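# Summary of the model geometry
So the chains spell out like this:
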Amino acid sequence: MIDIVGKLWGFCHTLRHDGIDYGDYIEQLTYLLFLKMIEEKGADIPADYSWAVLREKSGTDLLDHYMNTLRELAKQKNMLGDIYGGAISRFSNPVNLKRLVNLIDETEWTGLNVDVKAAAYEGLLEKSASEGKKGAGQYFTPRILIQTIVRCMKPDPRKTKDFTIHDPATGTGGFLVCAYEWLMEQTGGGALEREESKRIHTSTYSGTELVPRPRRLALMNLYLHGINANIYLGDAIYEPKREEPYECVMTNPPFGTKGANQAPVRDDFTVSTSNKQLNFVQHVMSILNLGGRAAIVVPDNVLFADQAGEVFKILTEDCNLHTVLRLPNGTFTPYSPGTKTNVIFFTKGYSTETIWIYDARTNIPRITKKDRPLTPQHFAEFEICFGQNPEGLSKRDPKDFKEDRWRSFSISEVKERDFKIDSLKWLKDESLSDTDNLPEPDELATDAIAELEGAVNELNAIITILENDNSDSDNAARGTK
């Protein structure tokens, strides 16, 4: 599969001369791959617009037929319509389109004994992210991290008939796909009763995604796993609450401040803030059922930012914030290499008495793309510490582990620190003078750009507020004349 990814990616460089960038290439590749795979699976598609017809075309006939195929598939009422809705061709050179069709046609994709997303799409997304970092982090979470979270959360829809799993920042569906794969491992490949299988495949997995492109990938990957998921295209934070309560939420909201110029108007949010990540924490609290469990990837600023104390005070009152995993520096290399991140685990309906923190960051060499990549070993001890109980109720004792990376803090200690979770530290950082742990120059440049974009967004927010104030003042003045 690695050879296939390399071959397809190598052709992307050729397409750059046709004006097709990395993101466009992945999207076009998605349309073609999906058409090929659903035909292999025997899906019901319009006969005139099948893969078998497309691959026989050439020249301008191929370009025209490809555009017509996209339009026709977008009209379908089923999952095909969702995946191809709004799809347009980016090809202007029929020779390049023909070459890509031939490349895809060489492989029987559904016959490969690997997960499509894990091997092909994530391989391509990773290459895209490393070649063009801007915006890539919004739809890619390292699979190793997702698998650790899923193993801790144990999202088992067999527990109750109304068990639901949701991701309000779905991206390409990594959490949902991994949750399903975990279930398949537990059931020995899907040994489920007929009615139970139907329920799990049609009404268990759902999500919300703001950006059409990653939503397409999510729908496609879930569909190829046999899952008919409802991935709503919209804004989880700024649109009114629309979801039913969920039993399990796992998510990695987008980093940064882009699009967060004002506080959302939500009756279910206690704290009014424009901080996007804090709002995602509030959103997840709101959409969880009583007894529901959540795991959220959050950057450090969520744990110490203005109003973080307010949000986490409410979180610890309404939920059991039982575990925090402090991730290694560079976990999101190369997508967002300088962002320091954590995973918070909580259960709704029980107040917090003790927070356990595992520090996988301090004095750990920075993750890099080539020399020190992220591996399962980075989280192996944490999974042991977390225990088998998905609600964080396993017996926990830091003395069981050699390194002092696992420590508990009482809720009174958290209150003394104004609920700023980031201040709960105990290891002395001995790597400050270690040049091996400094970010690479391009990572520093990425961080600087991110900081600059954040400052610009904040300035735009202030300007918007001032303009609104001036407008209100002018209207009031006119009303008194």
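Please refer to the structure higher up on the page.
The following refers to the structure shown. Everything numeric in this text was worked out from a predicted model, so none of it was measured.

### Some words on the packing of aromatic side chains
Taken as a whole, this structure holds 11 aromatic pairs when the rule is applied. A ring pair is formed by Phe34 and Tyr84, whose centres lie 6.0 Å apart and whose planes are at 35°; its orientation type is tilted. A residue pair is termed long-range when its members are at least 10 positions apart, and Phe34 in helix H2 (residues 22-40) and Tyr84 in helix H5 (residues 79-84) qualify at 50 residues. The same class applies to Phe34 and to Tyr84, which are both buried. Relative to Tyr205, the ring of Tyr180 has its centre 6.1 Å away and its plane inclined at 80°; by these criteria the two rings are edge-to-face. Note that Tyr180 is positioned in helix H9 (residues 174-186) and Tyr205 in strand E2 (residues 205-209), a separation of 25 residues in sequence. Here Tyr180 and Tyr205 have matching classes, each one buried. Over the ring of Phe386 we find Arg396; its NZ or CZ atom is 5.1 Å from the centre of that ring.

### Observations regarding the nonpolar core
Counting 84 residues, the largest nonpolar core has Tyr25, Tyr84, Ile149, Met250 and Phe345 as its most contacted members. For this core, the leading source of residues is H2, giving 11 residues. In this structure Ile149 touches Phe175, Met250, Ala295, Val297, Val343 and Phe345, once residues within four positions along its chain are discounted. Core analysis: the next-biggest nonpolar cluster, separate from the first, contains 33 residues, Ile314, Cys319, Leu321 and Phe409 among them.

### Describing the environment of Val281
With respect to the helices and strands, the residue Val281 is situated in helix H12 (residues 276-287). Residue classification places Val281 among the buried residues on the basis of a relative accessible area of 0%. Along the backbone, Val281 and Ile296 are 15 residues apart, and their C-alpha atoms lie at a distance of 7.6 Å. Setting aside its immediate chain neighbours within four residues, Val281 contacts Ile296, Val298, Val302, Val311, Leu315 and Ile344.

### Some remarks on the sheet that holds strand E1 (residues 165-167)
With respect to topology, 9 strands assemble into an open sheet ordered E3-E2-E1-E4-E5-E7-E6-E8-E9, the strand pairing being mixed. The open sheet is flanked by strand E3 (230-233) and strand E9 (406-410), the only strands paired with a single partner. Averaged over all pairs of adjacent strands, the angle between strand axes in this sheet comes to 15°, irrespective of strand direction. Strand direction decides the pairing type here: E2 and E3, joined by 4 bridges, are parallel. The residue of E3 that forms the bridge with Ser206 is Asn230. In this fold helix H8 (residues 143-153) packs onto strand E4 (246-251), strand E5 (288-299) and strand E7 (341-348), with an angle of close to 155° to the strand it touches most, E5. Of the strands in this sheet, E1, E4, E5, strand E6 (319-326) and E7 touch H12, which is tilted by about 165° from E5.

### Points about the packing of H2 against helix H4 (residues 59-74)
Contact geometry of H2 with H4 gives a least axis separation of 12 Å together with a crossing angle of 75°. Classified by the angle between their axes, H2 and H4 sit roughly perpendicular to one another. Between H2 and H4, the contacting residues are Gln28, Tyr31, Leu32 and Leu35 on the first element and Tyr66, Thr69, Leu70 and Leu73 on the second. A breakdown of the residues in the contact of H2 with H4 according to their chemical character gives 6 nonpolar, 2 polar and no charged.

The rules behind the values
Residues numbered from 1 in each chain as written. Predicted model: local features only at pLDDT ≥ 70, side-chain atom pairs only at ≥ 80, totals over all residues. Heavy atoms only, no water. Phe/Tyr/Trp six-rings, centres within 6.5 Å; stacked < 30°, edge-to-face > 60°. Helix = DSSP H or I, 4+ residues; strand = E, 2+ residues; numbered from the N terminus. Buried < 20%, exposed > 50% of the residue type's maximum accessible area, 1.4 Å probe, protein only. Lys NZ or Arg CZ within 6 Å of the ring centre and 35° of its normal. Core = buried A, V, L, I, M, F, W, Y, C linked by side-chain atoms within 4.5 Å. Contact = heavy atoms within 4.5 Å. Pairing = 2+ DSSP bridges. Axes fitted to C-alpha atoms, helices over the stretch in contact; angles between N-to-C directions. Parallel < 35°, antiparallel > 145°, perpendicular 65-115°, else oblique. Nonpolar A, V, L, I, M, F, W, Y, C, P; charged D, E, K, R; others polar.

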